[in-house]
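Working through the structure, step by step
Now for the letters of each chain:
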Amino acid sequence: MTRGRPAVQNVLTILTLIVIGAAPWSFSGCSSPEADQMASKALVDASAAKDSSGFGLDVTLCRKIGSKTGRRIGAGTEFRMAKKSRIRALVDFTAVRPERDYTVHLVWIRPDGREMFRKYGEARQTELTADSFQTVVSWLDGVDLHQVKTDTLSSKTPEFTLESRFNTSLAKQREPGTYQFRVYLDRRLVSENAFTLEG
């Protein structure tokens, strides 16, 4: 009986070392160098963020987008509920690398810190010509990841914009207070934007 104890202890020691060694990987998720660099440079709490390669993102919160001009109307951080109203969050990605997958979570947080809802997408841009780029965005359903909605975006530069909407109509009876809109890139928080909602 006593002869088997060292072998058992050796096995337990090896298993412990494997678990300890694997721990950093389990917490890092699918993080990327761009996301790590953006997060490590204290870019959270800023609407705009860039890494050393020039890749970056800029967040705009606004009331609506002009149908003819594309102009962002009512941009800011203070919004009021109305009979029919919403807040649009536009996330502009710049200096995008073609043929690279960008995994993005757009998350809305209530004043009590709890998550309300999120939008999850994967974007991949292809360089068609020297001045023509096409981005395919696959939006995955939060419950059924096999249910995918696809958007195709075109641009003249290596960039794309993702959008999420927050319904602030009076019928929704939203709680007044300070909300957060967060952007996660490759499962790392890279931008957090506070805004207030008044009744």
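Residues take numbers from 1 onward in each chain, read along the sequence in its written order. Only residues with pLDDT of at least 70 are given local features in this predicted model, and only at 80 or more are side-chain atom pairs given and counted; all residues enter the totals for whole chains, interfaces and linings. The basis for every side-chain value is the complete set of non-hydrogen atoms in the structure, without hydrogens or water.

This part is about the nonpolar core. By size, the foremost hydrophobic cluster in this structure holds 29 residues, and its most contacted members are Leu-61, Phe-93, Phe-181, Val-183 and Phe-195. Under the scheme used here, helices are H or I runs from DSSP no shorter than 4 residues and strands are E runs no shorter than 2 residues, and both carry numbers assigned from the N terminus. Contributing elements (two or more residues each) for this core: strand 2 (56-62), strand 6 (86-94), strand 7 (101-109), strand 9 (132-140), strand 11 (160-167), strand 12 (177-185) and strand 13 (188-198). Ignoring anything within four residues of it in the chain, the contact list for Phe-181 reads Val-59, Leu-61, Ala-89, Val-91, Leu-106, Val-107, Trp-108, Ser-164, Ser-191, Glu-192, Asn-193 and Phe-195. Put simply, buried Ala, Val, Leu, Ile, Met, Phe, Trp, Tyr and Cys residues joined by side-chain atoms within 4.5 Å make one nonpolar core. Accessible area is worked out with a 1.4 Å probe on protein chains only. A residue is then buried under 20% of its type maximum, exposed over 50%, and partly exposed in between. It only takes one pair of heavy atoms within 4.5 Å for two residues to be counted as in contact.

Attention now goes to the confidence of the model for the protein. As a per-residue measure, pLDDT tells how confident the predictor is, with possible values from 0 to 100. Residue-level pLDDT values for the protein average 82, and 75% of them are 70 or greater. Here residues 1-29 is a poorly scored stretch, pLDDT under 50, and it has zero contacts once near neighbours within four places are set aside; other chains count. Scored below 50 in pLDDT, residues 41-45 shows nine contacts in the model against residues more than four places distant or in partner chains.

Judged by pairing direction, the sheet is mixed, and its seven strands sit side by side in the order 5-13-12-7-8-9-10 without closing on themselves. In this open sheet, the two edge strands, each paired with only one partner strand, are strand 5 (78-80) and strand 10 (148-155). Taking the axes of each pair of neighbouring strands and ignoring which way they run, one obtains an average angle of 25° across the sheet. Pairing between strand 8 (residues 115-129) and strand 9: nine bridges, direction antiparallel. Along strand 9, the bridge assignment pairs Tyr-120 with Leu-140. For two strands to be treated as a pair, DSSP must find at least two bridges joining them. Each axis is a line fitted through C-alpha atoms, taken for helices only over the stretch in contact, and angles between the N-to-C directions span 0 to 180 degrees.

On to the pattern of salt bridges. Each salt bridge in this description consists of a side-chain nitrogen of Lys or Arg and a carboxyl oxygen of Asp or Glu lying within 4 Å of one another. A full pass over the atoms with the stated rule returns ten salt bridges. One salt bridge in this structure joins Arg-72 and Asp-92, with 2.8 Å as the shortest N-O distance. Placement of the pair is Arg-72 in strand 4 (residues 72-73) and Asp-92 in strand 6, with a sequence separation of 20 residues. Note on Arg-72: relative accessible area 28%, which makes it partly exposed. Across the salt bridge formed by Arg-110 and Asp-112, the nearest N and O atoms sit 2.5 Å from each other. Three or more residues are tied together by salt bridges with common partners; here these are Arg-88, Glu-163 and Arg-165.

Turning our eyes to something else, we now look at the pairing of strand 12. Where strand 7 meets strand 12, six bridges bridge the pair, whose relative direction is antiparallel. Within strand 12, the position partnered with Trp-108 by the bridge is Phe-181. Strand direction decides the pairing type here: strand 12 and strand 13, joined by nine bridges, are antiparallel. Each bridged residue has a counterpart across the sheet, and for Gln-180 the counterpart in strand 13 is Ala-194. Hairpin connection between strand 12 and strand 13: a loop of two residues separates the two successive antiparallel strands, and Asp-186 in this loop has a positive phi of roughly 50°.

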